[in-house]
Amino acid sequence: MADRLYDYLYGNSGLSHVEVPLKTIYAKVDGELLSQLRDKQIGYYTTYYNAGNRGRSHNISLAARVIDSKVVFPGESFSFNRTVGMRTTKAGYRRAPIIVQGELSEGIGGGICQVSSTLFNAVDRAGLTILERYSHSRRVPYVPSGRDATVSWGGPDFVFRNPYAQPVLIRASAGGGRVYVAIFSSESIHYSPRVVPGMLKGLPPEVADPNQR
C-alpha cells in the first residue's frame with residue numbers, strides 16, 4: 001500500500017485516485033468485559049477534602065472522572081500523567097494551591113495529587129506492582145505520612161503495573177468532599193492484597209482558596 005501511495009504522490013503512473021484498504025479494529029474494552037470486571041473488588045481507598053475550595057474541588061473531580069473506568073490488562077502499565085494529560089485551562093483545570101519545592105504556591109491543576117495519592121493507596125492495597133511513585137516535598141494532610149503520590153506534567157509520575165492474569169478496572173469518583181477509588185477484577189482473579197493504613201473520616205486542614213470570598 002505504501003508503494004502505491006508514493007507512486008500516486010510522486011510517481012508518473014497517472015493514477016487519479018488510490019483505493020485505501022479498510023481494516024476492522026475491534027474495541028479493546030467493551031461492555032461485556034466491563035461487566036465481568038465489576039465482579040470482585042480487590043482494593044479501595046478514600047480521602048477527604050474541603051468541598052468549599054472551589055478551584056481545588058473542581059480539579060479533583062475532573063481528574064477523578066478521567067481515570068474512572070480505565071482498564072489495565074495483564075502485564076500492562078498505567079501512567080497517571082499519560083492518562084490524565086497536561087493540566088491546562090484548555091483541558092478544564094483551574095488555579096489552586098500546589099506545593100513546589102517545599103513551598104506553597106498556586107498553579108493550574110492544584111489538587112489532583114490527592115487523586116493520584118488516593119489511587120496509589122487503592123492500587124497498593126490491591127497488590128499491584130508500583131513502578132514509580134514520589135512523595136511531596138512537605139507533608140500533605142489528606143493521607144498518612146509517606147502514603148502520598150505527587151505528580152506533575154513533565155515531572156514526577158505515578159506508574160503501576162498489573163502483575164495478575166486478569167485485567168483490572170479502576171473506578172474513581174469525587175464529590176461532596178470525598179475522593180473514592182476502587183480496583184475491580186473478575187471473580188477468577190488470584191491476587192495478593194497488602195495492608196494499607198486508612199484515613200480517619202474527617203476534613204483535613206488545607207490552604208484556603210485565595211479566590212474564595
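Remember, it's a predicted structure, so these values are computed and weren't measured experimentally.

Chemist: It is not clear to me how the environment of Arg-94 should be interpreted in this structure. Could you clarify?
Modeler: Residue position: Arg-94 is located in the loop between helix H4 (80-84) and strand E4 (95-100). Its relative accessible area of 42% is what places Arg-94 among the partly exposed residues.

Chemist: Just to check I follow, could you spell out the nonpolar core for this structure?
Modeler: It is characteristic of soluble globular proteins that their nonpolar side chains tend to be buried jointly. Core analysis: the largest hydrophobic core is formed by 38 residues, its most contacted members being Ile-67, Phe-80, Leu-119, Phe-158 and Ile-183. When residues no more than four places from it in sequence are discounted, the contact partners of Ile-67 are Phe-78, Phe-80, Thr-83, Val-84, Val-115, Leu-119, Ile-170 and Ala-172. Ranked by size, the runner-up nonpolar core spans 6 residues in total, among them Val-71, Phe-73, Leu-169 and Phe-184.

Chemist: Where do I start with unusual backbone geometry in this structure?
Modeler: Positioned with a positive phi, Ser-69 is a non-glycine residue whose angle comes to about 70 degrees. Within the secondary structure, Ser-69 is located in the loop between helix H3 (54-67) and strand E2 (71-72).

Chemist: What am I meant to see in the confidence of the model for the protein chain here?
Modeler: Low pLDDT marks stretches whose predicted atomic positions should not be read closely. Summarising the model, the protein chain shows a mean pLDDT of 84, and 72% of its residues fall at 70 or more. Within the model, pLDDT remains below 50 along residues 207-213, and this stretch shows 13 contacts once partners closer than five positions in the same chain are excluded.

Chemist: Explain the pairing of strand E8 (residues 168-175) here, please?
Modeler: Bridge count between E2 and E8: 2 bridges; the pairing is antiparallel. What sits directly across from Val-71, in E8, is Leu-169. As defined by bridge partners, E8 adjoins strand E9 (residues 178-185) across 7 bridges and the pair is classed as antiparallel. Each residue of the ladder has a partner; that of Ile-170, found in E9, is Ile-183.

Chemist: Even after reading the chapter, I still don't get the sheet that holds strand E7 (residues 159-161), so can you show me in this structure?
Modeler: Paired through their backbone hydrogen bonds, the strands of a sheet run either parallel or antiparallel. With antiparallel pairing, 3 strands are arranged side by side in an open sheet as E3-E7-E6. Sheet topology places strand E3 (77-79) and strand E6 (129-132) at the edges, where each strand pairs with a single neighbour. Between one strand and the next, the sheet's axes are offset by a mean angle of 25 degrees, whatever the strand orientation. Relative to E7, E3 is paired through 3 bridges, and the arrangement is antiparallel. Looking across to E7, one finds that Ser-77 is bridged to Arg-161.

Scoring rules and cut-offs
- Residues numbered from 1 in each chain as written.
- Predicted model: local features only at pLDDT ≥ 70, side-chain atom pairs only at ≥ 80, totals over all residues.
- Heavy atoms only, no water.
- Helix = DSSP H or I, 4+ residues; strand = E, 2+ residues; numbered from the N terminus.
- Buried < 20%, exposed > 50% of the residue type's maximum accessible area, 1.4 Å probe, protein only.
- Core = buried A, V, L, I, M, F, W, Y, C linked by side-chain atoms within 4.5 Å.
- Contact = heavy atoms within 4.5 Å.
- pLDDT = per-residue confidence, 0-100.
- Pairing = 2+ DSSP bridges.
- Axes fitted to C-alpha atoms, helices over the stretch in contact; angles between N-to-C directions.

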